[in-house]
Amino acid sequence: MKVLAAMSGGVDSAVAAARAKDAGHDVVGVHLALSRMPGTLRTGSRGCCTIEDSMDAQRAANMIGIPYYVWDFSERFKLDVVDDFVAEYSAGRTPNPCMRCNEKIKFAALLEKAVALGFDAVATGHYASIRTDASGNKELHRAAAWAKDQSYVLGVLTKEQIDHSMFPLGATPSKAEIRAEAAERGFTVAQKPDSHDICFIPDGDTRGWLAERVGAETGEILDRSGAVVGSHEGAHAFTVGQRKGLNIGFPSDDGKPRFVLEVRPKDNTVVVGPKEALDIAEIAGAKFSWAGLAPVDPTIPFQCEVQIRAHADPVAAVARVSVAEGRTELVVTPHEPLNGVAPGQTAVVYVGTRVLGQCTIDRTLSAVPGAVPVLTS
């Protein structure tokens, strides 16, 4: 096949591109310039998509022996990922920018351009697997190495996108093997640290970054009864489940730590309470999609597992599509309460190792009726 290898400048994408070439495909490497400030340098494992990363990707492409290009997607990235991140936090939700980047950039804008140019597939260094069922339909599955599995952040992919995707690292048992292979190939990125945190906030100061763009306005911190227990400098800086940074200054009546239960951007208040008040019995989202073939009748409840964070353990659940009062949403009821679920997070639904679909959470139901408000978007 004619394959476009997305090369971030890291070890995973370099090895993925090399394996695609070794498999006999006609491979072209491309680095996505996503930053409006490309001169910003990486600091260890913080930051990505820098000039340094672009040069690392080019060196790897040269060693593999494939053509290499840099495509400027910075405008799309700002609109679809960065601006969305700010808007979601301003609305009291907790977005996942990696999900949006995969959805809007790597497997939408990039893939659309690749197909238009005659490529059959886009290869990336994600740890996930694509399998074909007995009828020839492609399915997205977890990687062999569960510790590195990245199928969660790929849950937003559609059937059409999966049909044109390739993940050469999916069957590799460990990251150590990838680094060893990179070293054998002579790649200078063999021991390059993995990037983490939010790529466009390389210093990790999300609160400060948001304050510059949203503004800081003093508001009240309330307990579940509505009593004022403290103040803050901007509700956008908080997310459901957060414990640190509340700065209330005195203990709760029962002496237990307090957590953020709700963020109310309209009146700039934050509600706090005990950890058990974070338990959620049901989540739902109107923005949902299926990663491959959808269930024959998704309105019939089906057994599954749900994962609400990239590194969270999957939880057994029952899911169904509900159509009521003009609203269609994916509703997931875990067998055990989920803890610290925030509107804006992504819930990915699995059946075994297969990624069935996902939804952006915009409604939750407390496992302790009356104890906390129902979270809404």
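Read on for a plain summary of the structure.

What counts as what
- Residues numbered from 1 in each chain as written.
- Predicted model: local features only at pLDDT ≥ 70, side-chain atom pairs only at ≥ 80, totals over all residues.
- Heavy atoms only, no water.
- Buried < 20%, exposed > 50% of the residue type's maximum accessible area, 1.4 Å probe, protein only.
- Helix = DSSP H or I, 4+ residues; strand = E, 2+ residues; numbered from the N terminus.
- Pairing = 2+ DSSP bridges.
- Arc of directions from axis to C-beta.
- Contact = heavy atoms within 4.5 Å.
- Salt bridge = Lys/Arg side-chain N within 4 Å of Asp/Glu carboxyl O.
- Axes fitted to C-alpha atoms, helices over the stretch in contact; angles between N-to-C directions.

Comments concerning the pairing of strand β6 (residues 138-142)
Regular strands show a simple pattern: their side chains alternate between the two faces of the sheet.
At step 1: Of all 5 residues in β6, 4 are buried; the element is thus mostly enclosed.
At step 2: Note: strand β5 (residues 128-132) against β6, 5 bridges, orientation antiparallel. Within β6, the residue paired with isoleucine 130 across the bridge is leucine 140.
At step 3: Linking two consecutive strands that pair antiparallel, namely β5 and β6, is a turn of 5 residues; a positive phi of about 90 degrees is found at glycine 136 within it.

Topic: helix α6 (residues 175-185)
At step 1: Looking only at α6, the buried set comprises Lys175, Ile178, Arg179, Glu181 and Ala182. The buried side chains of α6 occupy one side of the element, clustering within an arc of 160 degrees when seen end-on. Across α6 from its buried face, at more than 90 degrees, point the exposed residues Ala176 and Glu184.
At step 2: Of the surrounding secondary structure, the elements contacted by the buried residues of α6 are α1 (11-22).
At step 3: Glycine 186 sits one or two positions beyond α6 and adopts a positive phi of about 85 degrees.

Notes on the pattern of salt bridges
At step 1: Under the criterion given, the structure shown has 24 salt bridges.
At step 2: With a shortest N-O distance of 3.0 Å, aspartate 80 and arginine 76 are connected by a salt bridge. You can see aspartate 80 and its partner arginine 76 sitting in helix α3 (residues 74-90), 4 residues apart, about one turn around the helix.
At step 3: For arginine 76, a relative accessible area of 34% translates into the label partly exposed.
At step 4: A salt bridge links arginine 363 to glutamate 282, with the shortest nitrogen-to-oxygen separation between them at 3.2 Å. Of this pair, arginine 363 sits in strand β20 (residues 363-366) while glutamate 282 sits in strand β12 (residues 279-285), and the two are 81 residues apart along the sequence.
At step 5: On the basis of relative accessible area, arginine 363 is assigned to the partly exposed category, the value being 24%.
At step 6: Ionic contacts of the salt-bridge type, sharing partners, join the residues Asp12, Lys148, Lys175, Arg179 and Asp194 into one network.

Here we look at the sheet that holds strand β4 (residues 121-123)
At step 1: The sheet built from 5 strands is open, its strands ordered β3-β2-β1-β4-β7 with parallel pairing. Here the strands that pair on one side only, and so sit at the sheet edges, are β3 (68-72) and β7 (165-166).
At step 2: Sheet topology places strand β2 (residues 26-33) next to β3; 5 bridges connect them, and they run parallel. Across the sheet, residue leucine 32 finds its bridge partner in β3, namely tryptophan 71.
At step 3: Those strands touched by α1 are β1 (2-6), β2 and β7, and its axis lies near 160 degrees from that of β2.
At step 4: Helix-sheet contacts for helix α4 (residues 97-116) involve β1, β2, β3, β4 and β7, and the interaxial angle to β2 is about 130 degrees.

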